[in-house]
Amino acid sequence: MPELLILRHGESGHSFSGDDHSRTLTDHGRQQARAVGRWLMESGHLPDNTVCSDAMRTRQTCIWVNHELGEKAPTPYLDQRLYLAAPRSMLAIINEVPETVRSLLVVAHMPGVQELSMDLASARSAEDPVIQMAGSWPPAGLARFEVDKPWAELDGRDAQLTDFFTAD
């Protein structure tokens, strides 16, 4: 069954120049991203495709997750449309993913990651992860969904949330 992994970037610092797009991860944010990568390896939920916002903090999150995945890490595709994207815009990007992809990792920003995940969570979703992600989505929070339809048909309340991992 295909799986969708939705990841918020790790903790980031403040921009001294006022340019939000170029904000970088803190040391803690790098450790959070590495913890996500370790969880993916240990749980066996390895993405075979990654689409990532082109903001610096999401790119760095992707680098540190991939550091833990090692040779099993897919080359990420940077998509500027994910930068601070609304949930429907994020879903449109997911809908474009080829059906040959069995496990997709999306690395993006709040509030879009939380809102999209709440929109996607079906009634079959595990209760505890839904409650956890609805209450708070910390930096480097990761939602894992099982998807039983083509990516192009995913449109809401049709993915089963199975896990919500937090690095802290």
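Reading guide: rules and limits
- Residues numbered from 1 in each chain as written.
- Predicted model: local features only at pLDDT ≥ 70, side-chain atom pairs only at ≥ 80, totals over all residues.
- Heavy atoms only, no water.
- Helix = DSSP H or I, 4+ residues; strand = E, 2+ residues; numbered from the N terminus.
- Rg over C-alpha atoms; globule rule 2.2 N^0.38 Å.
- Buried < 20%, exposed > 50% of the residue type's maximum accessible area, 1.4 Å probe, protein only.
- Contact = heavy atoms within 4.5 Å.
- Areas by Shrake-Rupley, 256 points an atom, 1.4 Å probe, with all protein chains shown as cover.
- Lys, Arg positive; Asp, Glu negative; His and termini not counted.
- Charge placed at Lys NZ, Arg CZ, Asp CG, Glu CD.
- Pairing = 2+ DSSP bridges.
- Axes fitted to C-alpha atoms, helices over the stretch in contact; angles between N-to-C directions.
- Parallel < 35°, antiparallel > 145°, perpendicular 65-115°, else oblique.
- Nonpolar A, V, L, I, M, F, W, Y, C, P; charged D, E, K, R; others polar.
- Expected span 1.5 Å × (residues − 1).

### A closer look at the overall build of the protein chain
- Across its full length, the protein chain holds five helices and six strands.
- Secondary structure elements of the protein chain occur, N-terminal to C-terminal, as β-α-β-α-β-α-β-α-α-β-β.
- A globule of 168 residues ought to have a C-alpha radius of gyration of about 15 Å, and the protein chain, at 14 Å, matches this closely.
- C-alpha atoms of the protein chain, sized along the principal axes, occupy 45 × 30 × 30 Å.
- Across the 168 residues of the protein chain, 49% fall into the buried class.
- Considering only contacts in the protein chain between residues 6 or more positions apart, those separated by 24 or more positions represent 76%.
- Summing over all exposed atoms, the protein chain offers an accessible surface of approximately 7,700 Å²; the carbon and sulfur share of this is 50%.
- Put simply, the protein chain has 15 plus and 24 minus side-chain charges, and the middle of one group is 2 Å from the middle of the other.

### Notes on unusual backbone geometry
- Cis geometry is adopted by the peptide bond preceding proline 111, which originates at methionine 110 and carries an omega value of 0°.
- Not every positive phi belongs to a glycine, and leucine 84 is a case in point at roughly 55°.
- Look at leucine 84 and you get partly exposed, because its relative accessible area is 47%.
- In this structure, alanine 140 takes a positive phi of about 65° despite not being glycine.
- Tracing the chain through its elements places alanine 140 in the loop between α5 (127-135) and β5 (142-147).

### Observations regarding the pairing of strand β4 (residues 103-108)
- Judged by how many residues are buried, β4 sits mostly within the fold: six of six residues are covered.
- The alternating pattern of β4 places Ser103, Leu105 and Val107 on one face and Leu104, Val106 and Ala108 on the opposite face, and all of these are buried.
- As defined by bridge partners, strand β1 (residues 3-8) adjoins β4 across six bridges and the pair is classed as parallel. Looking at the pairing, isoleucine 6 lines up with valine 106 of β4.
- Direction of pairing for strand β2 (residues 49-52) relative to β4: parallel, over a ladder of four bridges.

### Describing the sheet that holds strand β6 (residues 159-165)
- If you trace the six strands from one edge of the open sheet to the other, you get β3-β2-β4-β1-β5-β6, paired in mixed fashion. Each edge of the open sheet is held by one strand with a lone partner, namely β3 (76-78) and β6. On average, adjacent strands in this sheet sit at an angle of 20° to one another, irrespective of strand direction.

### Focus: the packing of helix α3 (residues 87-95) against helix α4 (residues 112-120)
- The N-to-C vectors of α3 and α4 enclose an angle of 70°; their axes lie 8 Å apart at closest approach. Between α3 and α4, the interaxial angle falls into the category roughly perpendicular. On α4, the residues touching Pro87, Met90, Leu91 and Ile94 of α3 are Gly112, Val113, Glu115, Leu116, Asp119 and Leu120.
- Taken together, the residues of the contact of α3 with α4 break down into seven nonpolar, one polar and two charged.

### Comments concerning helix α2 (residues 56-69)
- In a regular helix each residue adds 1.5 Å, so 14 residues correspond to 20 Å; α2 covers 20 Å between its end C-alpha atoms and thus fits that length.
- Residues Arg57, Thr58, Gln60, Thr61, Cys62, Val65, Asn66, Glu68 and Leu69 constitute the buried set of α2.
- Immediately beyond the C-terminal end of α2, within one or two residues, lies glycine 70, with a positive phi of roughly 60°.

On their own, these measurements won't tell you what the molecule is for.
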